[in-house]
Amino acid sequence: MSLEGVRVLVSGAGVAGPAVAWWLAEHGATVTVVEIAKTLRTSGFAVDFRGSTHLGVLRGMGVLDELTALRTRGGAMTCVTADGREIFTLPAEFAGGDLEVRRRDLSRVLYERSAPRVEYLFRDRVTGLVNAPDSVAVEFAHAAPRTFDFVIGADGLHSGVRVLTHGPETDYVRHLDYYIAGWDLPNPGVDTTPLQYNQPGRMASVSADRDDETKAGALVVFAAPRVDHDWFDTDRHKALITKALTGMGWHVPKLLDGLRAADDLYFDSISRVRVPHWSTGRVALLGDAAWGVTLGGMGVGTGLVGAYVLAGELARANGNPAALKSYEDRMRPYTTRWQRGANPGKFLAPATASGLWLRNTLFSTAFVRRMLVAGTATMATADLPDYQPQNDRRGSTTARWAATSESSSD
Ligand SMILES: Cc1cc2nc3c(=O)[nH]c(=O)nc-3n(C[C@H](O)[C@H](O)[C@H](O)COP(=O)(O)OP(=O)(O)OC[C@H]3O[C@@H](n4cnc5c(N)ncnc54)[C@H](O)[C@@H]3O)c2cc1C
């Protein structure tokens, strides 16, 4: 089983993109990643991995130790009143899973792991795809046209590949009535425990950066109907966020001061992606492009598991496109499990005063908090095959996938 001589284009250098690129290269493929941003994106917050399946894939990639050294140590989230009194604290395991790292660290580690054997094209994107029986002809915004054996759309919730293969985003991405934004700013006077303050339909959260407490990270969520805008128009996003949060009090005026100067803003709708078939011909979707739920809590874990399975199935089939269906058959039940009913906006920023009261009352109960932690750990677990990349191509002391069985005791 090998992908020797198989050429794959991956769109998106977020989390799933570099991961699938690495696994494909492990199986012998020649891989190019195209990323629309000029460098790796650095905004966003802590993301987490839960249970032995997620940790096993990280170990299989040989990045578990590096990420463990970068862990944020899962700070508990404390909900407070406007004058700083605690309402409830979410357990660290719920807020941070088994391994919590900053998204930027994760993306960088995966990029650095794959970069020696993968070609990266930044500041470019796919503009045309012709899916033929034996290959895919690709046009780029800047690079010259090329032909690949497979194209993988790992370009996130607003996937450009998905538009080209499946049609308009509105057919597949359901807006769940909330927006989310995150940015870095000078520390407004907080420590490293994330604090969260709510008013009906809006939430602001802030915590000091663990490596440099002169800096802080802000995360906000607010209820708003879907607005049509360019996903890359940062000034418009800043205006929408400012309008939604003005008058909120607490630390919010300082967060909005910081927003004006923020240079890498993370802004997205809270949405759920549902695509009936993840592949068409030789083009497949992966990660948020296929099954995303913004802030769904399991986006990075499922993205990495999907990367492992997609590359493994392609290798097992020696590059036969039928593998794309095997990948979907294996992954769809796993991703549907946690996608079902997920709407993080309703939990983070209940829209009404009574909804907010109900959430605060429920989460002040230790039993409910324990149930939450147990539920997410179970959802993250899956039995995965050992696709056995050939050892002679490995550039390092990467642990084999089989070693991940040890992680079940983690
Ligand atoms: C900047 C940023 C910050 C985030 N912060 C958080 C967070 O704090 N908490 C959380 O739970 N989740 C966050 N997410 C989402 C999280 O990364 C994903 O849910 C999960 O990791 C699955 O990853 P993915 O690789 O499928 O998608 P993503 O991580 O979204 O990566 C997609 C990549 O594709 C690129 N891209 C987009 N369109 C195109 C195009 N047309 N052509 C080429 N490239 C394109 C994007 O720039 C991005 O690098 C963030 C995503 C981004 C992009």
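Just above sits the structure.
Owing to the predicted nature of the structure, the values given are computational and were not obtained by experimental measurement.

**A few points about the packing of helix 2 (residues 51-60) against helix 10 (residues 299-316)**
And then number 1: Here helix 2 crosses helix 10 at 55°, and the two axes come no closer than 9 Å. Taken together, helix 2 and helix 10 sit at an angle that is classed as oblique. As helix 2 runs across helix 10, the sense of the crossing is left-handed. Contacts between helix 2 and helix 10 involve Thr53, His54, Val57 and Leu58 on the former and, on the latter, Gly301, Thr302, Leu304, Val305 and Tyr308.
And then number 2: Of the residues contributing to the contact of helix 2 with helix 10, the split by class is 5 nonpolar, 4 polar and no charged.

**Things to note about the sheet that holds strand 12 (residues 173-186)**
And then number 1: Strand order in the open sheet formed by 7 strands is 5-4-13-14-15-12-16, and the pairing between neighbours is mixed. With partners counted over all chains shown, the strands left at the sheet margins are strand 5 (86-90) and strand 16 (266-273), one partner each. In this sheet, adjacent strand axes meet at a mean angle of 20° when their direction is disregarded.
And then number 2: In terms of strand pairing, strand 13 (residues 195-199) meets strand 14 (residues 202-208) through 5 bridges, oriented antiparallel. When the sheet's bridge partners are listed, Asn198 is paired in strand 14 with Met203.

**Description of the site of the ligand**
And then number 1: The full set close to the ligand counts 26 residues, and Ala16, Glu35, Phe45, Arg103 and Asp288 are the nearest of them.
And then number 2: The backbone of Ile36 places a nitrogen or oxygen atom 3.2 Å from a nitrogen atom of the ligand.
And then number 3: Asp288 places a side-chain nitrogen or oxygen 2.7 Å from an oxygen atom of the ligand.
And then number 4: The fraction of the free accessible surface of the ligand (910 Å²) that becomes covered by protein chains is 91%.
And then number 5: Here the shell around the ligand is built from residues that sort into 11 nonpolar, 9 polar and 6 charged.

**Things to note about the packing of helix 10 against helix 11 (residues 323-339)**
And then number 1: In contact at an axis separation of 8 Å, helix 10 and helix 11 are set at 160° when each is read in the N-to-C sense. On the basis of their axis angle, the class for helix 10 and helix 11 is roughly antiparallel. In terms of crossing hand, the pair formed by helix 10 and helix 11 is right-handed. Where helix 10 approaches helix 11, its residues Gly299, Thr302, Val305, Gly306, Val309, Leu310, Glu313, Leu314 and Arg316 are matched on the opposing element by Ala323, Leu324, Ser326, Tyr327, Arg330, Met331, Tyr334, Thr335 and Trp338.
And then number 2: Along the lines of polarity and charge, the residues of the contact of helix 10 with helix 11 split into 10 nonpolar, 5 polar and 3 charged.

**Overview of the pattern of salt bridges**
And then number 1: One pass over the structure, following the stated rule, counts 18 salt bridges.
And then number 2: Two residues, Arg108 and Asp105, come together in a salt bridge whose shortest N-O distance is 3.7 Å. Within this pair, Arg108 and its partner Asp105 are both found in helix 5 (residues 103-114), separated by 3 residues, close to a single helical turn.
And then number 3: Judged by relative accessible area, which is 6%, Asp105 ranks as buried.
And then number 4: Salt bridges sharing partners connect three or more residues here, namely Arg102, Asp105, Arg108, Glu112, Asp209 and Asp211.

**A short note on the sheet that holds strand 18 (residues 283-285)**
And then number 1: One open sheet holds the 6 strands; their spatial order is 7-2-1-11-18-17, and the pairing between them is mixed. Two strands lie at the open edges of the sheet, namely strand 7 (118-121) and strand 17 (279-280), each paired on one side alone.
And then number 2: Here strand 1 (residues 7-11) pairs with strand 11 (residues 150-153) via 4 bridges, running parallel. Counterpart to Leu9 in the pairing with strand 11 is Val151.

**Side note on the packing of aromatic side chains**
And then number 1: What the rule picks out here adds up to 13 aromatic pairs.
And then number 2: Seen from their ring centres, Tyr111 and Phe122 are 6.0 Å apart, and the 70° between their planes marks the pair as edge-to-face. You can see Tyr111 sitting in helix 5 and its partner Phe122 sitting in the loop between strand 7 and strand 8 (126-131), a full 11 residues away along the chain.
And then number 3: Looking at Tyr111, the relative accessible area reads 24%, which means it is partly exposed.
And then number 4: An angle of 15° between the planes, with centres 5.9 Å apart, marks the rings of Tyr120 and Phe122 as stacked.
And then number 5: Residue class for Phe122 comes out partly exposed when judged on its relative accessible area of 23%.
And then number 6: Of the aromatic side chains, those joined through ring pairs into one cluster are Trp22, Trp23, Tyr308 and Tyr387.
And then number 7: Against the face of Phe150 rests Arg282, its NZ or CZ located 5.0 Å from the ring centre.
And then number 8: Over the aromatic face of Phe347 sits the side chain of Arg359, whose NZ or CZ is 6.0 Å from the ring centroid.

About the thresholds
- Residues numbered from 1 in each chain as written.
- Predicted model: local features only at pLDDT ≥ 70, side-chain atom pairs only at ≥ 80, totals over all residues.
- Heavy atoms only, no water.
- Axes fitted to C-alpha atoms, helices over the stretch in contact; angles between N-to-C directions.
- Helix = DSSP H or I, 4+ residues; strand = E, 2+ residues; numbered from the N terminus.
- Parallel < 35°, antiparallel > 145°, perpendicular 65-115°, else oblique.
- Left-handed = near helix turned anticlockwise from the far one by under 90°.
- Contact = heavy atoms within 4.5 Å.
- Nonpolar A, V, L, I, M, F, W, Y, C, P; charged D, E, K, R; others polar.
- Pairing = 2+ DSSP bridges.
- Near = heavy atom within 4 Å.
- Polar contact = N/O pair within 3.5 Å; in protein donor to acceptor, adjacent residues only side chain to side chain.
- Areas by Shrake-Rupley, 256 points an atom, 1.4 Å probe, with all protein chains shown as cover.
- Salt bridge = Lys/Arg side-chain N within 4 Å of Asp/Glu carboxyl O.
- Buried < 20%, exposed > 50% of the residue type's maximum accessible area, 1.4 Å probe, protein only.
- Phe/Tyr/Trp six-rings, centres within 6.5 Å; stacked < 30°, edge-to-face > 60°.
- Lys NZ or Arg CZ within 6 Å of the ring centre and 35° of its normal.

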